[in-house]
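Listed here are the chains, written in short residue letters.
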Amino acid sequence: MFLGITDFWAYVIGAFLIILLPGPNSLYVLSFAAQHGVRRGYRAAAGVFVGDTVLMFLAAAGAASLLRSNAVLFTVVKYAGAGYLAWIGFQMIRDAWRSWRARSAGAAPAETAVKAAESQPRPFRKALTISVLNPKAILFFVSFFVAFVDPAYEAPALSFLILGAVIQVFSFLYLTSLIFGGTFLAAHFRRHKRLSAGLTSCVGAVFLGFGAKLATASLS
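Reference entry: report on the structure contained in this document. Treat the numbers as computed from the prediction; the structure is a model and nothing was measured. Starting afresh in each chain, residues are numbered from 1 along the sequence in its written order. For this predicted model, a pLDDT threshold of at least 70 governs which residues receive local features, and a threshold of 80 or more governs which side-chain atom pairs are given and counted, while totals over whole chains, interfaces and linings are taken from all residues. To get the side-chain values, all heavy atoms of the structure are used, and hydrogens and water are removed first.

## As for a nonpolar patch on the surface
Here comes step 1: Residues forming no salt bridge and having over 30% relative accessible area are the ones grouped into patches, like charges within 9 Å of each other and nonpolar side chains (Val, Leu, Ile, Met, Phe, Trp, Tyr) within 5 Å. Residue exposure ignores everything except the shown protein chains as possible cover, and the areas themselves are Shrake-Rupley values with a 1.4 Å probe. What makes a salt bridge here is a side-chain nitrogen of Lys or Arg within 4 Å of a carboxyl oxygen of Asp or Glu, nothing more. Taken together, F2, L3, L158 and L161 make up a surface patch of nonpolar side chains, about 360 Å² in accessible area.
Here comes step 2: Position of L3 relative to the elements: it lies in the segment before α1 (8-20).
Here comes step 3: Relative accessibility thresholds used throughout: buried, under 20% of the residue-type maximum; exposed, over 50%; partly exposed, between the two (1.4 Å probe, protein chains only). When its relative accessible area of 34% is taken as the criterion, L3 is described as partly exposed. Every helix listed is a DSSP run of H or I at least four residues long, and every strand listed is a run of E at least two residues long, numbered separately from the N terminus.

## Thoughts on the nonpolar core
Here comes step 1: With 39 residues, the main nonpolar core has Y11, Y28, I167, L175 and F207 as its most contacted residues.
Here comes step 2: Among the secondary structure elements, those contributing two or more residues to this core are α1, α2 (24-36), α3 (38-61), α5 (71-104), α7 (123-132), α8 (135-146) and α9 (156-189).
Here comes step 3: Of all the elements, α9 adds the most residues to this core, at ten residues.
Here comes step 4: Look past the residues within four positions of F207 in its chain and what remains in contact with it is P24, L27, Y28, L85, A86, I88, G89, M92 and I130. Side-chain atoms within 4.5 Å are what join buried Ala, Val, Leu, Ile, Met, Phe, Trp, Tyr and Cys residues into a set we call a nonpolar core. The contact criterion used is simple: two residues touch if any of their non-hydrogen atoms lie within 4.5 Å.

## A few points about the packing of aromatic side chains
How two aromatic rings sit relative to each other is set out by the distance from centre to centre and by the angle between their planes.
Here comes step 1: Only Phe, Tyr and Trp rings are paired, with Trp represented by its six-membered ring, and only when their centres lie within 6.5 Å; those with planes under 30 degrees apart are stacked, over 60 edge-to-face, the remainder tilted. One pass over the structure, following the stated rule, counts seven aromatic pairs.
Here comes step 2: Each ring, one from Y28 and one from F32, has its centre 5.6 Å from the other, and the planes form 35 degrees; the classification is tilted. You can see Y28 and its partner F32 sitting in helix α2, four residues apart, about one turn around the helix. Per residue, the accessibility class of Y28 equals that of F32, and both read buried.

Below is the structure:
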């Protein structure tokens, strides 16, 4: 046992594999970085880091257990998160359609880019909301952490801090690769506006799928 963690290396391997699983957070960072560049991509990533930190803190404090035991509260949070993910997907599809129409009408690329930037919400706030409005993630964090923290350890907060730091390091490395990968692909997509609009629509459809999946999630 290491500082109240029953099997540290098993947790490290599990955390690494968990981070690699695709989800709305990583997909949003990838698509946003592809559209707006590295700097703003890291702003979106910062929202993910803060959102995950909030979830881990709530899990350690026992709020996730309350969410699991209160079906009404779970349902409210579940549908709020599902609705928000679906709204993001709708916005992506709408923006892709507007970009397509502007391209077909011969609008100036600079003017189109300015309008798109003005209509885009702040990436930090958006990524933070995506992270926090995810009840399944809260339930996962509390279940995952509990499995590796010794309840008899005199300083469990230190154990949670170490576990949280490990998963945040993996998250930073993974999101960094997505940010630079997204900006690399964006350089090619700028020469193919139809492909860019089509891929943005596909990402929006995936977010609609995330919303539908979350809306049908259960406590079990």
